[in-house]
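Coordinates in review
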Amino acid sequence: MTHLWVRAEQRPNEERVGLTPEGAAQLIAAGIRVTIEDSSVRAIPLDGYRAAGCETAAENSWPEAPAGAIVFGLKELPEDGTPLPHRHIMFGHAFKGQHSGRALLERFKAGGGTLYDLEYLVDETGRRVAAFGYWAGYAGAAVTLKAWAAQQRGAQCGPVGVYPGKDALIAELGAELGGTGAPRPSAIVIGALGRVGTGAADLCDEMGVAVTKWDMAETASGGPFPEILGHDLFLNCIFARPGTPVFVPREALTAPRKLTAIGDVACDPDSDYNPVPVYDRATTWDQPTLRVTSDPVLDVMAIDNLPSMLPVESSEDYAAQLLPSLLTLGRIETGVWGRAKATYQTHIERI
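Residues numbered from 1 in each chain as written. Predicted model: local features only at pLDDT ≥ 70, side-chain atom pairs only at ≥ 80, totals over all residues. Heavy atoms only, no water.

1. Some thoughts on helix 10 (residues 335–348)
Note the cut-off: Per the convention used, a helix needs a DSSP run of H or I reaching at least four residues, while a strand needs a run of E reaching at least two, with both numbered from the N terminus. Helix span, as expected, comes to 1.5 Å for every residue beyond the first. For each residue, the accessible area found with a 1.4 Å probe, counting protein chains only, is set against the maximum for its type, and the residue is called buried under 20%, exposed over 50%, and partly exposed in between.
Here helix 10 contains 14 residues, and its C-alpha end-to-end distance of 20 Å stays within 8% of the 20 Å for a straight helix at 1.5 Å per residue. Along helix 10, the residues that are buried comprise V336, W337, G338, A340, Y344, H347 and I348.

2. Some points on the sheet that holds strand 3 (residues 55–57)
Test applied: Any two strands with at least two DSSP-identified bridges between them are counted as paired. For helices, the fitted axis covers only the stretch in contact; all axes are lines through C-alpha atoms, and the angles between them, taken along N-to-C directions, range from 0 to 180 degrees. Two residues qualify as a contact provided that any one of their heavy atoms is within 4.5 Å of a heavy atom in the partner residue.
The 6 strands are arranged 3-2-1-4-5-6 in an open sheet whose pairing can be described as parallel. Two strands close off the open sheet at either side, each with one partner strand: strand 3 and strand 6 (114–117). Across the sheet, the mean angle from the axis of one strand to that of its neighbour is 25 degrees, orientation sign disregarded. Relative to strand 6, helix 10 is tilted by about 120 degrees, and along the sheet it contacts strand 5 (87–90) and strand 6.

3. Section: empty space enclosed by the protein
Keep this limit in mind: Definitions used for this entry: grid spacing 1 Å over protein atoms alone; cavity, a set of points where a 1.4 Å probe fits but cannot get out; pocket, an open set with protein on both sides within 12 Å along at least 5 of 7 lines; lining residue, one with an atom within 4 Å of a point. Grid points are joined across faces, edges and corners, and a volume is the space filled by probe spheres set on the points. Gly is placed with the polar residues, together with every amino acid not listed as nonpolar (Ala, Val, Leu, Ile, Met, Phe, Trp, Tyr, Cys and Pro) or charged (Asp, Glu, Lys and Arg).
In total, this model carries 2 cavities of 30 Å³ or more according to the counting rule given. When its volume is computed, the largest cavity comes out at roughly 40 Å³. Looking at the second largest cavity, its volume works out to about 30 Å³. For the lining of the second largest cavity, a count of residues per class yields 4 nonpolar, 2 polar and 2 charged.

4. Points about the layout of surface pockets
Computed from the structure, the second largest pocket encloses a volume of approximately 180 Å³. Within the lining of the second largest pocket, the residues separate by chemical class into 4 nonpolar, 3 polar and 3 charged.

5. Focus on the pattern of salt bridges
Let me state the cut-off plainly: What makes a salt bridge here is a side-chain nitrogen of Lys or Arg within 4 Å of a carboxyl oxygen of Asp or Glu, nothing more.
Taken as a whole and assessed by the stated rule, the structure comprises 16 salt bridges. Salt-bridge contacts for R11 lead to E76; the nearest nitrogen and oxygen are separated by 3.1 Å. With a gap of 65 residues between them, R11 in the loop between strand 1 (3–6) and helix 1 (21–29) and E76 in the loop between strand 4 (70–72) and strand 5 connect regions that are remote in the sequence. Connected through shared salt-bridge partners, R11, E76 and D304 make up one network.

6. Considerations on unusual backbone geometry
That bond from G223 to P224 is cis: its omega, 5 degrees, falls within 30 degrees of zero. Residue placement: P224 occurs in the loop between helix 7 (216–219) and helix 8 (226–229). In this structure, N13 is a non-glycine residue whose phi angle is positive, near 65 degrees. Residue position: N13 is located in the loop between strand 1 and helix 1. By relative accessible area, N13 is classed as partly exposed at 36%. The backbone phi angle of C267 is positive, close to 50 degrees, even though this residue is not glycine. Following the sequence through the fold, C267 ends up in the loop between strand 10 (261–264) and strand 11 (289–294).

7. Describing the pairing of strand 8 (residues 210–214)
Definition in use: Orient the strands so they point away from the viewer, and a crossover whose first-strand-to-second-strand path over the helix runs clockwise is right-handed.
Pairing geometry for strand 7 (residues 186–190) and strand 8, over 5 bridges, is parallel. Across the sheet, residue I188 finds its bridge partner in strand 8, namely T212. Handedness of the crossover is the feature at issue here: the chain leaves strand 7, passes through helix 6 (residues 195–206), returns alongside strand 8, and the resulting connection is right-handed.

8. Regarding the packing of helix 4 (residues 133–152) against helix 6
What counts is decided by this rule: Reported orientations rely on four angle classes, namely roughly parallel under 35 degrees, roughly antiparallel over 145, roughly perpendicular from 65 to 115, and oblique for the rest. Note: crossing handedness is left-handed where the near helix turns anticlockwise from the far helix by less than a right angle, and right-handed where it turns clockwise.
At a minimum axis separation of 6 Å, helix 4 and helix 6 run at an interaxial angle of 45 degrees. Between helix 4 and helix 6, the angle falls in the class oblique. Note on packing geometry: the crossing formed by helix 4 with helix 6 is right-handed. Counted together, G133, Y134, G137, Y138, A141, A142 and L145 of helix 4 and R195, V196, T198, G199, A200, D202, L203, C204 and E206 of helix 6 form the full contact between these two elements. Within the contact of helix 4 with helix 6, the residues separate by chemical class into 9 nonpolar, 4 polar and 3 charged.

9. Concerning the environment of Q98
Along the chain, Q98 falls in the loop between strand 5 and helix 3 (99–111). Overall, the relative accessible area of 7% leaves Q98 in the buried class. Taking the C-alpha atoms as reference points, Q98 and V336, separated by 238 residues in sequence, lie 23 Å from one another. Once residues within four sequence positions are removed from consideration, Q98 is found in contact with H93, D268 and D270.

10. A short note on the packing of aromatic side chains
We apply this condition: For this analysis, a ring pair means two rings from Phe, Tyr or Trp (six-membered ring only for Trp) whose centres lie within 6.5 Å, classed as stacked if their planes differ by under 30 degrees, edge-to-face if by over 60, and tilted for the remaining angles. By the criterion adopted, a ring carries a charge over it if an Arg CZ or a Lys NZ lies within 6 Å of its centre and within 35 degrees of its normal.
Tallying each qualifying case throughout the model produces 12 aromatic pairs. On the numbers, 6.3 Å between centres and 50 degrees between planes, the contact of F91 with F132 is tilted. Within this pair, whereas F91 is found in the loop between strand 5 and helix 3, its partner F132 is found in the loop between strand 6 and helix 4, the two being separated by 41 residues in sequence. The buried category is assigned to F132, whose relative accessible area is 6%. Note on W214 and F225: the rings are 6.0 Å apart at their centroids and 70 degrees apart in plane angle, and the pair reads as edge-to-face. Remark: F225 occurs in the loop between helix 7 and helix 8 and W214 occurs in strand 8; sequence separation between them is 11 residues. Overall, F225 belongs to the buried group, its relative accessible area being 6%. Here a set of aromatic residues connected by ring pairs shows up, and it is made of W214, F225, F234 and F247. Of note, R16 hangs over the ring of F132, and the distance from its end group to the ring centre comes to 4.3 Å.

Following this line, the structure appears as structure tokens:
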């Protein structure tokens, strides 16, 4: 019997989950055994999973899961260097040249396990079957606007946290923008036709921020793109890959510009393909922005778990997208899972 083991997340500020109780009930009805770990932080309570028929396990007990179990989580595993013998479904951040990715792949190679990277679960056309993109864009635009509002007060964006829902976020952000006494800023979104860009543009629209929406057609020239510097905010919503153009080069730090806040929602600062090379590390919930220059000011927001700010909405949305693929786990060597394994094999052979 196929056994899906849903682990507790161990990263700070991570309350999301990739499977809802309703989805778990469908998996069980389809003959898939589901174990879910207890969690002190998960946004969706354990009781719903018990009622759906899931087995439960202690928090972070996945290393002792049966050898045949498929361990399912979202964000990083503890970086303790231990070999990984299980099959894991997670965001590995290991296939685009990330420096931390090699260490993860070495652990899989040592343990004989397999990584089914959620970022590389694709259909026959190469399109991702599930993504947190919409809520990443939505929350990323909100934090970038918070950064701009803080600049108007002569400050830098303070800590951010979890919201019970988007209405609470909108209310807080509206008060911050209104408190500046300044007209709403202008924004440009690159990747506006995708999930991430749509979420970012929707947030801007809700806040009365004028948005210039660019996608592949507008960036096909490869740059430079002086129009970006003519907006107050730039929201990068492009999935970085070979050939992605540079949108804000380092020369922009000293160039004449209106731009004062960048929201790098895609957040690949340690990738060889980083299209915003004015910064070199992700930001955090405690320090949401990195000030890359002060004359004039330019702050970069690059939080890499933005959907966690709205954990219930983002979990429900993502889980609904992913469920059809989870229902095919009994045929894990084929379809989306077979393609994900092939991607893994390509990269593990380089280790």
